[in-house]
Every structure is written in C-alpha cells, then in structure tokens.
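# Chains, contacts and geometry: an overview
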Amino acid sequence: MLFFIVLPIRLGEMSSTDIRWPTEIIGHIMKFMFSATLLTCLEIPYLKDMVKKELNQRYQRCLKILIGLGIDETSAKTQLDNHTISLSDVSERVTDISVIALAQGCSGLMSINLLGCRKITKASITALIQHCHGLTTIELFGCPNIMETDVAAIAKHCPGLTEIGGWIDEKT
C-alpha cells in the first residue's frame, strides 16, 4: 500500500530545505528508490548519511548474493567495485531471482556477463532494464530463454549499451 503525505506550505515562509521527515519514513522510502535517485540524494546534506547507509546495505546484499552463487569474496568485491559482474563461472546456479536481486541492488552496474546462464528469462532482462540504465555491456550467449524481443528491449531502454555479446536465438 502506498501513501502520499501532502503538507501545505506557504511559499515565502518555508523552503524545501526546512522540511524534515522522520528518519524511519525516509529510510523506508529509500529502500524502494532506484540507485540513480539515491545518488542524487547524496547531494542533500541531511539525507547524505541515510543514503550512504542504504547504498552500503545494497552493496552488502549484492556481495552476499555473489558469494552465495559461489564467487569468492575478494572477486565479488572487485566486481562490485568495478560495476562489472561476471556470472559465467557460476552459470548453473544463476536464476532470475539472483539476477533480479543484483539488478535492484547494484547501483551503477555497467557490465554483466550472463554467459551460459540457461535458467534466466525475460524477467532478468526486465529487471536490468528497470534498474541498470547505465549498462554498457551484456553477454547473453548460452541463454536459451532470452528471445530476440528481449534483446531489442534492453537495447532500446539502455541507451549507453554498446555491446550485446554472443546472443543468438537458440530456439530457431
């Protein structure tokens, strides 16, 4: 359920910087914000610490997912820090659930290698479209459930995408 709170403000008496929402409400709202929006909120002084906390929680969730898939911690941290995730070495364990969670949590993801991730579907591509606008590279070879329409959708919605590696329609 989504609630909107409307506060009457008389212009000239109060500016938007005078409004202070309870931290519990702001924290809850931030859990549902896109990473790009959160990064913009870093510029608002009284939100800065809360935004850093939320981004760190997302980083830790993504780290836990990568480690859970079988990627060693050092490699997982390097991948997250470089905004480049490679799941090809653990492709047998990768599902839509893991790709969706990574897309939701990895702010600024620029490259993802899904080589051989046979269990992923359009749901993974949809999550990448919704959450990873800065994506420049995606590897899809060996993903038989990804259709030509999915590839066209990610190319359309990720304007910085310069490489869609290895995709061929294995159904035809």
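The structure displayed is predicted, hence computed values, not measured ones.

Parameters and conventions
- Residues numbered from 1 in each chain as written.
- Predicted model: local features only at pLDDT ≥ 70, side-chain atom pairs only at ≥ 80, totals over all residues.
- Heavy atoms only, no water.
- Helix = DSSP H or I, 4+ residues; strand = E, 2+ residues; numbered from the N terminus.
- Buried < 20%, exposed > 50% of the residue type's maximum accessible area, 1.4 Å probe, protein only.
- Pairing = 2+ DSSP bridges.
- Axes fitted to C-alpha atoms, helices over the stretch in contact; angles between N-to-C directions.
- pLDDT = per-residue confidence, 0-100.
- Contact = heavy atoms within 4.5 Å.
- Lys, Arg positive; Asp, Glu negative; His and termini not counted.
- Salt bridge = Lys/Arg side-chain N within 4 Å of Asp/Glu carboxyl O.
- Polar contact = N/O pair within 3.5 Å; in protein donor to acceptor, adjacent residues only side chain to side chain.
- Core = buried A, V, L, I, M, F, W, Y, C linked by side-chain atoms within 4.5 Å.
- Disulfide = S-S within 2.5 Å.

### Considering the environment of glycine 68
Here glycine 68 is to be found in helix H3 (residues 48–69). Given the relative accessible area of 60%, glycine 68 is considered exposed. Taking the C-alpha atoms as reference points, glycine 68 and serine 98, 30 residues apart in sequence, are found 9.6 Å from one another.

### So, unusual backbone geometry
We note that histidine 83 has phi near 60°; this positive angle belongs to a residue other than glycine. Note on placement: histidine 83 falls in the loop between helix H4 (73–81) and strand E1 (84–86).

### Quick notes on the sheet that holds strand E4 (residues 163–165)
An order of E1-E2-E3-E4 is seen for the 4 strands of this open sheet, with the pairing classed as parallel. Of all strands in the sheet, those with a lone pairing partner are E1 and E4, marking the two edges. The average angle at which neighbouring strand axes cross in this sheet is 5°, direction not considered. The pairing of E1 with strand E2 (residues 111–113) spans 3 bridges and is classified as parallel. Looking at the pairing, serine 86 lines up with asparagine 113 of E2.

### Things to note about the confidence of the model for the protein
The pLDDT averaged across the protein works out to 81; a share of 72% of its residues lies at or above 70. Here residues 1–17 is a poorly scored stretch, pLDDT under 50, and it has 5 contacts once near neighbours within four places are set aside; other chains count.

### Here's the deal with the side chain of aspartate 96
Relative to the helices and strands, aspartate 96 resides in helix H5 (residues 96–105). This buried residue, aspartate 96, is left without a salt bridge; lysine 119 holds the nearest opposite charge, at 11 Å. In terms of polar contacts, aspartate 96 uses its side chain to reach the side chain of threonine 121, at 2.4 Å. Filtering out sequence-adjacent residues up to four positions away, aspartate 96 remains in contact with Lys119, Ile120, Thr121, Ala123 and Ser124.

### Re the pattern of salt bridges
Enumeration over the complete set of coordinates arrives at 3 salt bridges. Glutamate 54 is the partner of arginine 58 in a salt bridge, and the nearest nitrogen-oxygen pair spans 3.0 Å. Of this pair, arginine 58 and glutamate 54 are both found in helix H3, 4 residues apart, which corresponds to roughly one turn of the helix. Classification of arginine 58 by relative accessible area gives buried; the value is 3%. Exposure remark for glutamate 54: the relative accessible area of 3% places this residue in the buried category. The salt bridge involving arginine 61 is made with glutamate 54; its shortest N-O contact spans 3.7 Å. Taking relative accessible area as the criterion, arginine 61 reaches 45% and is therefore assigned partly exposed.

### A closer look at the environment of cysteine 62
Tracing the sequence through the fold places cysteine 62 in helix H3. When the C-alpha positions of cysteine 62 and leucine 102 are compared, they lie 5.7 Å apart, and in sequence the two are 40 residues distant. Other than its neighbours up to four places away in sequence, cysteine 62 contacts Leu80, Ala101, Leu102, Gly105 and Cys106.

### Let's talk about the nonpolar core
Core analysis: the biggest nonpolar cluster contains 34 residues, and Leu87, Leu114, Leu128 and Ile138 have the highest contact counts within it. Looking at this core, the elements with two or more residues in it are H3, H4, H5, helix H6 (122–131) and helix H7 (148–157). Those residues in contact with isoleucine 138 that lie beyond four places of it in its chain are Ile112, Leu114, Ile125, Leu128, Ile154, Leu161, Glu163, Ile164 and Gly165.

### Structural notes on the state of the cysteines
With the rule as written, the count across this model stands at 0 disulfides. Cysteine 132 takes part in no disulfide bond, and the closest cysteine sulfur, belonging to cysteine 106, lies 7.1 Å away.

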